[in-house]
Amino acid sequence: MSVARESGDRAQQLREKARHMTEAAERTTDPEQRRRLQEKAQKLQEQSDQQGDIGSENIRRPK
């Protein structure tokens, strides 16, 4: 498996986790828990974006 594909797969996994966290935040009634889940979702989304950038770098500039 290429590095680009691995990065893309990892980015997809992170996006999926972020989506689940966001959904959990929407369901909870505890404001503090909601805030924590939203923050975790945001961090996962940022990691996903970084992984996607890594994958696209490898596609544009093969070794």
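Going by the structure above, here's the rest.
These remarks concern the structure in this document. (Residues numbered from 1 in each chain as written. Predicted model: local features only at pLDDT ≥ 70, side-chain atom pairs only at ≥ 80, totals over all residues. Heavy atoms only, no water.)

1. Comments concerning the overall build of the protein
Then, in step 1: Scanning the protein from terminus to terminus reveals two helices and zero strands.
Then, in step 2: Each of the 63 residues in the protein was classed as buried or not, and the buried ones make up 19%.
Then, in step 3: Expressed as a percentage of contacts within the protein between residues at least 6 apart in sequence, the contacts between residues at least 24 apart total 56%.
Then, in step 4: Carbon together with sulfur atoms contributes 48% to the accessible area of the protein, which is approximately 4900 Å² in total. (Helix = DSSP H or I, 4+ residues; strand = E, 2+ residues; numbered from the N terminus. Buried < 20%, exposed > 50% of the residue type's maximum accessible area, 1.4 Å probe, protein only. Contact = heavy atoms within 4.5 Å. Areas by Shrake-Rupley, 256 points an atom, 1.4 Å probe, with all protein chains shown as cover.)

2. Description of the side chain of Thr28
Then, in step 1: Structurally, the position occupied by Thr28 is in the loop between helix H1 (3-27) and helix H2 (31-60).
Then, in step 2: Among the polar contacts listed, one links the side chain of Thr28 to the backbone nitrogen of Asp30, at a separation of 3.4 Å.
Then, in step 3: Aside from chain neighbours lying at most four places away, what touches Thr28 is Gln33, Arg34 and Leu37. (Polar contact = N/O pair within 3.5 Å; in protein donor to acceptor, adjacent residues only side chain to side chain.)

3. A word on the pattern of salt bridges
Then, in step 1: Across all of its chains, the model carries five salt bridges by this definition.
Then, in step 2: One salt bridge in this structure joins Glu23 and Arg19, with 2.6 Å as the shortest N-O distance. One end of the pair is Glu23 and the other is Arg19, both in helix H1 and four residues apart, which spans about a single turn.
Then, in step 3: On the basis of relative accessible area, Glu23 is assigned to the partly exposed category, the value being 28%.
Then, in step 4: Between Arg35 and Glu39 there is a salt bridge, with its nearest N and O atoms 2.5 Å apart. With Arg35 and Glu39 both in helix H2 and four residues apart, this pair spans about one turn of that helix.
Then, in step 5: Using a relative accessible area of 35% as the deciding quantity, one classes Arg35 as partly exposed. (Salt bridge = Lys/Arg side-chain N within 4 Å of Asp/Glu carboxyl O.)

4. Topic: the environment of Leu44
Then, in step 1: Here Leu44 shows up in helix H2.
Then, in step 2: Looking at Leu44, the relative accessible area reads 14%, which means it is buried.
Then, in step 3: Between the C-alpha atoms of Leu44 and Gln13, which are 31 residues apart in sequence, the distance is 9.4 Å.
Then, in step 4: Once residues lying within four places of it in the same chain are set aside, the contact partners of Leu44 are Leu14, Lys17, Ala18 and Met21.

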